[in-house]
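Here is what each chain is made of, one letter per residue.
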Amino acid sequence: MHRIMVGAMVERPLPPEAGQALFGFEKLDAAEHAQRVQRVFAAVAGRYDLMNDLMSGGLHRLWKAAMIDWLAPRAGWSVIDVAGGTGDIAHAILRRADAEVIVCDPSREMLNAGIDRMRDRGRVSGIRFVAGRAEALPFAAAAADACTIAFGLRNVSDRAAALAEARRVLRPGGRLMCLEFSRPRAAALRPLYDAYSYAVLPRLGAAVAGDGDAYRYLADSIRSFPDQETLASEFRAAGFGVVRYRNLSAGIAALHSGWRT
């Protein structure tokens, strides 16, 4: 039976050096930021797929497929899906390879939604659900062959700590793969992208999902997130090697890859 593992794997506190973080464009201390983000995802957990469809126009499904293609998971791998939410990435990995996937997310509401979804899909093996933060992963060092995070890195309270934690839990030669909204490469796309994010998306969120404020935060979080080259440099600063990225849909989203050396 699927379960949220919170016994031996104890949730660890945020690093003491964690300072301020952007909640959209608002600066908050790390603890308050984490609480506010958790409230957003508690509110949208039951409508998470709808949220991603609204934010990406349905393209997130193609982007996630591209992520799994580049990751190329293998049988026997142990994978930690950070901020794994309702288990989309985990399910895609398990469809591709006979692996073990741990979905780790700070939101109990998101984890519970993921458990329900796995039951609906008939998935009863190869997956576990664990409560934990990206900045303080509740796993031993060198525990995983791969670490994935999709649309989650922009919501962490300390991005440098999250990247360092991903490197810590990877075995030498392990790989971090990140899928995130990014900066469109074509200048002509940017005004349209901004108009959609700031004018259309919150109204859609209010009308369809009943939570315009959550969608306004999510739109802001995309704009305050670093561009492709800056995030690649942050991967390198965290100690990852062979750092590469691929633009998706002209840079509306991007895949970043780095290896644990």
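The structure reproduced in this document is the subject of the present report. (Residues numbered from 1 in each chain as written. Predicted model: local features only at pLDDT ≥ 70, side-chain atom pairs only at ≥ 80, totals over all residues. Heavy atoms only, no water.)

**Some remarks on the overall build of the protein chain**
Put simply, the rule reads: Each helix is a run of DSSP H or I of at least 4 residues and each strand a run of E of at least 2, with the numbering of both proceeding from the N terminus. Contact criterion: two residues are considered in contact whenever any of their non-hydrogen atoms come within 4.5 Å of each other. Residue burial considers only the protein chains on display, and all accessible areas are found by Shrake-Rupley using a 1.4 Å probe.
Along its length, the protein chain carries nine helices and ten strands. Restricting the contact set of the protein chain to residue pairs at least 6 apart, pairs at least 24 apart contribute 70%. Only carbon and sulfur atoms are counted for the fraction: they give 54% of the accessible area of the protein chain, which is about 11,100 Å².

**Description of the side chain of Ser257**
Using the following cut-off: Here a polar contact is taken to be a pair of N or O atoms separated by no more than 3.5 Å, where protein atoms must pair a possible hydrogen donor with a possible acceptor and residues adjacent in sequence count only if both atoms sit in side chains.
Structurally, Ser257 is set in strand β10 (residues 253-260). A polar atom in the side chain of Ser257 sits 2.8 Å from the side chain of Arg175.

**Observations concerning the nonpolar core**
Note the cut-off: Nine residue types can take part in a nonpolar core, namely buried Ala, Val, Leu, Ile, Met, Phe, Trp, Tyr and Cys, and a core is a set of them joined through side-chain atoms within 4.5 Å. Under the scheme applied here, a residue whose accessible area is under 20% of the maximum for its type counts as buried, over 50% as exposed, and between as partly exposed, the area being computed with a 1.4 Å probe on protein chains only.
Among the nonpolar cores identified, the biggest contains 45 residues, and Phe41, Ile93 and Leu179 are the most heavily contacted of them. Of all the elements, helix α3 (residues 60-71) adds the most residues to this core, at five residues. When neighbours within four sequence positions are excluded, Ile93 is seen to be in contact with Ile68, Leu71, Pro73, Val79, Ala99, Val101 and Thr148. Listed in part, the 27 residues of the second largest apolar core include Ile80, Val82, Ala134 and Ala162.

**Describing the pattern of salt bridges**
So the rule is basically this: By definition here, a salt bridge exists when the distance from a side-chain nitrogen of Lys or Arg to a carboxyl oxygen of Asp or Glu is within 4 Å.
In the structure shown here, the tally under the stated rule is eleven salt bridges. With its nearest N and O atoms 2.7 Å apart, the salt bridge here joins Asp69 to Arg96. Of this pair, Asp69 sits in helix α3 while Arg96 sits in helix α4 (residues 88-96), and the two are 27 residues apart along the sequence. Since its relative accessible area comes to 43%, Arg96 is described here as partly exposed. By sharing partners, the salt bridges in this structure join Lys64, Asp88, Arg117 and Arg121 into a single network.

**Some thoughts on helix α5 (residues 108-121)**
Working note: α-helix, 3.6 residues per turn, so residues spaced by three or four point in the same direction. Counted only if it meets this: An expected span of 1.5 Å times one less than the residue number is assigned to each helix.
Given a rise of 1.5 Å per residue, 14 residues ought to cover 20 Å, and the 20 Å separating the end C-alpha atoms of α5 matches this to within 8%. Every buried residue of α5 is accounted for by Met110, Leu111, Ala113, Gly114, Ile115, Arg117 and Met118. At the C-terminal side of α5, Gly122 shows a positive phi close to 75 degrees.

**So, helix α9 (residues 228-237)**
Basically, it comes down to this: The directions considered for the arc are those from the helix axis to the C-beta atoms.
Residues of α9 that are buried: Gln228, Leu231, Ala232 and Phe235. Mapping the buried residues of α9 onto a view down its axis gives an arc of 105 degrees, with all of them on the same face. In this structure, the buried side of α9 is in contact with α6 (159-169), β8 (170-181), β9 (240-248) and β10. Backbone geometry just downstream of α9 places Gly239 in the positive-phi region, at approximately 100 degrees.

**Quick look at the side chain of Asp158**
Just so we agree on the cut-off: Positive charges come from Lys and Arg, negative ones from Asp and Glu, while His and the chain ends are left out of the count.
Position of Asp158 relative to the elements: it lies in the loop between β7 (144-150) and α6. The charged side chain of Asp158 is buried without a salt bridge, its nearest counter-charge being Arg159 at 7.9 Å. A polar contact of 3.0 Å, which involves the side chain of Asp158, links it to the backbone nitrogen of Ala161.

**Focus: the packing of aromatic side chains**
Aromatic ring pairs are defined here through the distance separating the ring centres and the angle between the ring planes. We apply this condition: Note on aromatic contacts: the rings of Phe and Tyr and the six-membered ring of Trp form a pair at centre separations within 6.5 Å, being stacked when their planes are under 30 degrees apart, edge-to-face when over 60 apart, and tilted otherwise.
All chains considered together, the criterion is met by four aromatic pairs. Plain terms: the ring middles of Trp63 and Phe151 are 6.3 Å apart, the flat faces sit at 50 degrees to each other, and that makes the pair tilted. With Trp63 in helix α3 and Phe151 in the loop between β7 and α6, this residue pair connects regions lying 88 residues apart in the sequence. Just as Trp63 is buried, Phe151 falls in that class too. Both rings, one in Phe151 and one in Phe181, keep their centres 4.9 Å apart while their planes meet at 40 degrees; by these two values the pair is tilted. Placement of Phe151 in the loop between β7 and α6 and of Phe181 in strand β8 is noted, with a sequence separation of 30 residues between them. By the ring-pair criterion, three or more aromatic residues cluster together here, those being Trp63, Phe151 and Phe181.

**Quick word on the packing of α3 against α4**
The condition that has to hold: Every axis corresponds to a line fitted to the C-alpha atoms, with the helix fit spanning only the stretch in contact, and the corresponding angles, defined between N-to-C directions, vary from 0 to 180 degrees. Orientation is classified from the angle alone, with under 35 degrees giving roughly parallel, over 145 giving roughly antiparallel, 65 to 115 giving roughly perpendicular, and any other angle giving oblique. Note on convention: the crossing is left-handed when the near helix lies turned anticlockwise from the far helix by less than a right angle, right-handed when the turn is clockwise. Gly is put with the polar residues, along with every residue not named as nonpolar or charged; the nonpolar set is Ala, Val, Leu, Ile, Met, Phe, Trp, Tyr, Cys and Pro, and the charged set is Asp, Glu, Lys and Arg.
Put simply, α3 and α4 touch, their axes get as near as 10 Å, and they point 45 degrees apart. Viewed along their axes, α3 and α4 adopt a mutual orientation that is oblique. In this structure, the crossing between α3 and α4 has a hand that is right-handed. Mapping the contact onto sequence places Lys64, Met67, Ile68, Asp69 and Leu71 in α3 and Asp88, Ile89, Ala92, Ile93 and Arg96 in α4. Class assignment of the residues belonging to the contact of α3 with α4 gives a composition of six nonpolar, no polar and four charged.

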